[in-house]
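# Reading the structure
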Amino acid sequence: VGPLGGPRDDVDDPSAAGGDGDGFDAVRLSKLLAFVLRHRPDVLGLVLDSGGWVDVGDLVERLNARRRLPFAVERAHLDELLVGEGRRRFELKD
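Within the element layout of this structure, arginine 75 appears in helix α3 (residues 75-83). Along the primary structure arginine 75 and glutamate 61 are separated by 14 residues, whereas in three dimensions their C-alpha atoms are 9.8 Å apart. Not counting residues within four places of it along the chain, the set of residues in contact with arginine 75 comprises Val56, Val60 and Leu92.

Here it is as structure tokens:
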């Protein structure tokens, strides 16, 4: 997973919030990912490769280990952010 370029956007989009019953909040996850992937991967102990990418499994594991969100992050949550409506902030590659 890697961030797409562009300035940091702190505007909340209420339509982006998830509602699948597990406490998932797409806005909070998106903001945390933007901060970590663009500015401070060290906060989670991540090291980005030279292209700015990180392994998805490592990202999910470290997000959950650091407990920075009030819900457990699952790979499905990242997939939801990638296909959700609104501005694309992240990209996934094989």
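Still more ground to cover, so stick around.
All right, on to the nonpolar core then. Counting 22 residues, the largest nonpolar core has Leu29, Leu33, Leu59, Leu63 and Leu78 as its most contacted members. Among the elements that take part in this core, helix α1 (residues 26-38) stands out by supplying 7 residues, more than any other.

This part takes up the pattern of salt bridges. On inspection of all chains with the given rule, the structure shows 2 salt bridges. Between arginine 40 and aspartate 42 there is a salt bridge, with the nearest N and O atoms lying 2.8 Å from each other. For arginine 40, a relative accessible area of 37% corresponds to the partly exposed category. The partner of aspartate 79 in a salt bridge is arginine 75, with the nearest N and O atoms 3.1 Å apart. Taken together, the positions of aspartate 79 and arginine 75, both in helix α3 and 4 residues apart, correspond to about one turn of that helix. Look at arginine 75 and you get partly exposed, because its relative accessible area is 41%.

For arginine 67, which is not glycine, the phi dihedral falls at a positive 50°. With respect to the helices and strands, the residue arginine 67 is situated in the loop between α2 (56-66) and α3.

Under the definition given, this model contains 1 aromatic pair. Relative to phenylalanine 71, the ring of phenylalanine 24 has its centre 5.6 Å away and its plane inclined at 90°; by these criteria the two rings are edge-to-face. With phenylalanine 24 in the loop between β1 (2-3) and α1 and phenylalanine 71 in the loop between α2 and α3, this residue pair connects regions lying 47 residues apart in the sequence. One exposure class covers both phenylalanine 24 and phenylalanine 71, and it is buried.

What counts, and where the lines are drawn
Residues numbered from 1 in each chain as written. Predicted model: local features only at pLDDT ≥ 70, side-chain atom pairs only at ≥ 80, totals over all residues. Heavy atoms only, no water. Helix = DSSP H or I, 4+ residues; strand = E, 2+ residues; numbered from the N terminus. Contact = heavy atoms within 4.5 Å. Core = buried A, V, L, I, M, F, W, Y, C linked by side-chain atoms within 4.5 Å. Buried < 20%, exposed > 50% of the residue type's maximum accessible area, 1.4 Å probe, protein only. Salt bridge = Lys/Arg side-chain N within 4 Å of Asp/Glu carboxyl O. Phe/Tyr/Trp six-rings, centres within 6.5 Å; stacked < 30°, edge-to-face > 60°.

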